[in-house]
Protein chains: 2
Amino acid sequence: MTTPATSPATLPGLMQPAPLQIIDILRFAATAHGSVEVVSRLIDEPIARSTYAEEFRRAGQAAGALVRLGARSGDRIASLAWNTHRHFELFYAVTGLGAVLNTVNPRLFDEQIVFILNHAEPDILLFDKTFLPLVERLAPQMKTVTKFVMLCDRTVHEVGAVGALCYEDLLEAEHGDLTWPVVDENAGAFLCYTSGTTGDPKGVLYSHRAVVLHAMASGLSSAFGFTAFDVVMPCSSLFHATAWGLPFAAPINGCKLVLPCERMDGASLQELILSEGVTFSGGVPTIWTMYLEHLERTGQAPGQLKRLVIGGSAVPRAMAEKFKKTHGVQVLQIWGMTETAPLGVIATPTPALAALGEEAIDEAIWTRQGRLQFGIELRVVDDQGNDVPRDGESSGALLVRGPWTIRRYFRAPADAVNAEGWFDTGDIATLDQFGFMRITDRKKDVIKSGGEWISSIDLENIAVAYPGVKIAAVVGIPHPKWEERPLLVLETHPGAEVDAASVLAHMAEHIAKWQLPDQVVFDAVPLTATGKIDKKTLRRAYADRYS
Amino acid sequence: MTTPATSPATLPGLMQPAPLQIIDILRFAATAHGSVEVVSRLIDEPIARSTYAEEFRRAGQAAGALVRLGARSGDRIASLAWNTHRHFELFYAVTGLGAVLNTVNPRLFDEQIVFILNHAEPDILLFDKTFLPLVERLAPQMKTVTKFVMLCDRTVHEVGAVGALCYEDLLEAEHGDLTWPVVDENAGAFLCYTSGTTGDPKGVLYSHRAVVLHAMASGLSSAFGFTAFDVVMPCSSLFHATAWGLPFAAPINGCKLVLPCERMDGASLQELILSEGVTFSGGVPTIWTMYLEHLERTGQAPGQLKRLVIGGSAVPRAMAEKFKKTHGVQVLQIWGMTETAPLGVIATPTPALAALGEEAIDEAIWTRQGRLQFGIELRVVDDQGNDVPRDGESSGALLVRGPWTIRRYFRAPADAVNAEGWFDTGDIATLDQFGFMRITDRKKDVIKSGGEWISSIDLENIAVAYPGVKIAAVVGIPHPKWEERPLLVLETHPGAEVDAASVLAHMAEHIAKWQLPDQVVFDAVPLTATGKIDKKTLRRAYADRYS
């Protein structure tokens, strides 16, 4: 092997040193697509309509207001807010100042929210009216927050126990013709906490560079494939890894942006989809299950909707099939995590798949999380750290690397990557010859039975397809002989009659006998604050089941 | 105006510091689209077929061979080569080593080629067999080149007077499993010379960062909009601003790549378009005029071809209309220059245009060079440096800025940008309310013939040296095939006997044959008030000369 030495820039290039800055995305949209609309539902206010030109001006006003409140470069500024144009503006206003927007997930437990705010140490907290009771309740425990701003106009404003300022009043006092500072592209921009099932939330501090590169990459046809004719409605939350980067990918591609606030029920989404001509949306499976039910109930069609990117947990195949065959909507899975800003892979078709026919495409993009994307390297390795075969069957630990992947958690004493820069996602996955990746389990949820691994996700996907089953959870329970054995916990639809033997018989048609759960329990399945099955609680509740 | 101070990274982000490296584009294609083909015509050899996986390995072999020849980080390595898979490999092999590929335009004058090589100072020159006579002729004047490599296999190899090595033999000696060095993203990668109308050629030194960002941006739907189903055939030369970045945009999007070598005639292109299923191509107008003529002559259709990006000079509207209405091929104009790597604007449709109807779209994309792209800022300013109105009528100097725009020419003593980082393109342009830019006056005296620039001043300087000539003026006159061809207007000294054939014979000793004026006119040469040749009047007077 011929290995030249590592080469620093012996001869530097002579192009311009323009930094990648988040504010330049909105500046570009304002200049090139200035009349394209941003439409937003609000709490207690009518739908707001603005344009990218107006949003750029409003971001300038918001930045001016924040500076007047004392915000400086490097400061953390917190938000507790839904998907609205005001939250969208703050994505640019705060980062454009060189400050960091700490988007707090309001669905977390009180203790977690308090932990995050005291860890991030913001001086200013901006929140939607919905959260006034939450803010009032937790304010006494917030060690650094001194200024509270309610994201609303004066007609609905409430000062509350925290003396909240009115966002629109603050903006009105500003011209908005700000000269934005030049911000180092490696400066922190967003601080997003990930709430694992164990321990305190951990902060991921996105840089401008990571966000801009992610926005460029996610617009490519291998990912979201946006054109200026797309109308994009993010139904993933802006406080969840910046809504998968959609608030950046939409303006960078000149797409009209529709923001549904907190109203993710089927009827509310359908209203916006029809009235605003939404072509593209994305979110967790639960939302789209509700939306499908709404379409069925009302007999309506999904208007201009063409593509749905669904992630957060595995997409039920039946849902994807229904969307395509009944409504002509293509469902694309996506996998990522807060630590990957979040785009990891997305399931878009390729010619190699197409050569095998339409069914091969559907099979791949419905059963795999997605394919390799430029800008994020993936490896699947065995216990010795060697790459497993790319055969779609061999599984191993999923490692990722790239400019929008985490290096270190906020305030952590050490890097979260190994010596070669790889971040261990904690997921178990396979890679196939088409470059498609499939998550088979979380490392901590995989069931180790007699030296073999059993994928809890595979078993759940099969069980949940059985009529009457609403949620299926599979966990590994300590076993005296096999180390662990699977236990199936079923939550059924109200009124459904489901018996354990039939479910197991159904499962036996799809998996090896030794993978079948030893026991089935009918119970309510506990969920975490982010809507995922709380397996930790289940494992604890049934810890002695097989002993 | 609220103006916070410029902010360095008070709080740096905590994402991975992965540099943007050109080799990662090919590495990605090899990993994610390894079986996608790269097809190449060659000189005196049959069509070569390989894949991105093989090209990545071959790039490793080529890099190994270059290291063995003494190549080091920062070195310039020169090429005189057509659009082939070997030239494509060198784009990655050379830059992957941290060295700089100096792609020399073989169509320049001998003196210009010699100037470029002695200015870039390469030790190694790789060339296609076509150029052996050129290389043998100029080798004695090359001050730094000591190693010559002919890009061919041993069956057609010739050592020549320069003792050329055989490229494929060099590769065969290497494993190709190179551990690529980590290269600083600001390191120089490509050195492309631009031959302006006056003075010596000037070198533009692209960085890795500029090339990778350009590749990401040009894949977006606002630009080339590639999907993995596209089959891309670059008919712009690889030595012209890296063929508009297509050798990077194609693999980053998983597109099959078809390389036509030097054969740009209609029949040869059509053969590849049909046999390889080309969906996307690009090049100068002359090529596509010839291609259209071929289709008409043979009554053939353009197969899967869907889009043609045409630039280098303005697209004749009739050609664009013919492509669309007769063949269903969408012609998109593009504007850029070597100094912009080269993507500046490209004419892709927007909803704002579409709202005015199909004709409005055609009108805009056929008569404008294109619309604003993320990553390259445009300004059109008046003599006082103020932005002119965006009305599509007010014209001014076109300024550009961004991470893939030049800062300084190679070895120049000073930057080529103003205090705010803007580069003056030397073009006069308008901007309209849709964000579309139109060039109204090129650097007004340059003659554009078949996509190549002919310097009027150079020709005049040669002609005026002929005995009996008093004033020589050269202007570009519209030509049905070549867009423009030079016309020489001679004013002789009283009583002098000068004949056209002798003057042209004299000129042919100093310039390439294709640059010779098609016709010579004896006339009084009009002068402006300041004593300069009034070319505007001349162009008007002889406007129909070649029609």
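Let's shift gears to the interface of chain B and chain A. Contacts between chain B and chain A engage 94 residues on the former and 94 residues on the latter. Interface area, chain B with chain A, both sides summed: about 7100 Å², of which 63% is carbon and sulfur. It is Met-15, Gln-16 and Phe-374 of chain B that lose the most area in chain B upon contact with chain A, and together they represent 13% of the buried surface on that side. Remark: the boundary between chain B and chain A carries 2 salt bridges. Across the pair Arg-209 of chain B and Glu-185 of chain A runs a salt bridge whose closest N-O atoms are separated by 2.6 Å. Inspection of the region where chain B meets chain A yields 28 residue pairs in polar contact (both at pLDDT 80 or more). Taken together, the elements giving at least two residues each to the side of chain B that touches chain A come down to α1 (23–32), α2 (52–68), β9 (202–207), α7 (208–219), α13 (351–354) and β18 (395–401) of chain B. When residues in the side of chain B that touches chain A are grouped by element, the largest group, 7 residues, is from α7 of chain B. Across the side of chain B that touches chain A, the residue classes tally to 52 nonpolar, 26 polar and 16 charged.

All names here are of chain A. Domain annotation for chain A reports domain 1 (19–29 + 46–206), domain 2 (264–444) and domain 3 (445–541). For domain 2 versus domain 3, the distance between C-alpha centres works out to 22 Å. With both chains or domains summed, domain 2 and domain 3 bury close to 910 Å², and 47% of this area falls on carbon and sulfur atoms. For domain 2, the biggest contributors to the area lost against domain 3 are Thr-440, Asp-441 and Lys-444; these three give 43% of the whole. The interface formed by domain 2 and domain 3 includes 1 salt bridge. Between Asp-458 and Arg-438 there is a salt bridge, with its nearest N and O atoms 3.0 Å apart. On the surface where domain 2 and domain 3 come into contact, there are 7 residue pairs in polar contact (both at pLDDT 80 or more). Looking at which element gives the most residues to the side of domain 2 that touches domain 3, the answer is strand β20 (residues 436–442), with 5 residues. Split by residue class, the side of domain 2 that touches domain 3 holds 3 nonpolar, 3 polar and 5 charged.

Basis of the calculations
Residues numbered from 1 in each chain as written. Chains lettered and ligands numbered in written order. Predicted model: local features only at pLDDT ≥ 70, side-chain atom pairs only at ≥ 80, totals over all residues. Heavy atoms only, no water. Contact = heavy atoms within 4.5 Å. Buried area = accessible area lost by both parts, 1.4 Å probe. Salt bridge = Lys/Arg side-chain N within 4 Å of Asp/Glu carboxyl O. Polar contact = N/O pair within 3.5 Å; in protein donor to acceptor, adjacent residues only side chain to side chain. Helix = DSSP H or I, 4+ residues; strand = E, 2+ residues; numbered from the N terminus. Nonpolar A, V, L, I, M, F, W, Y, C, P; charged D, E, K, R; others polar. Domains from an automatic or database assignment.

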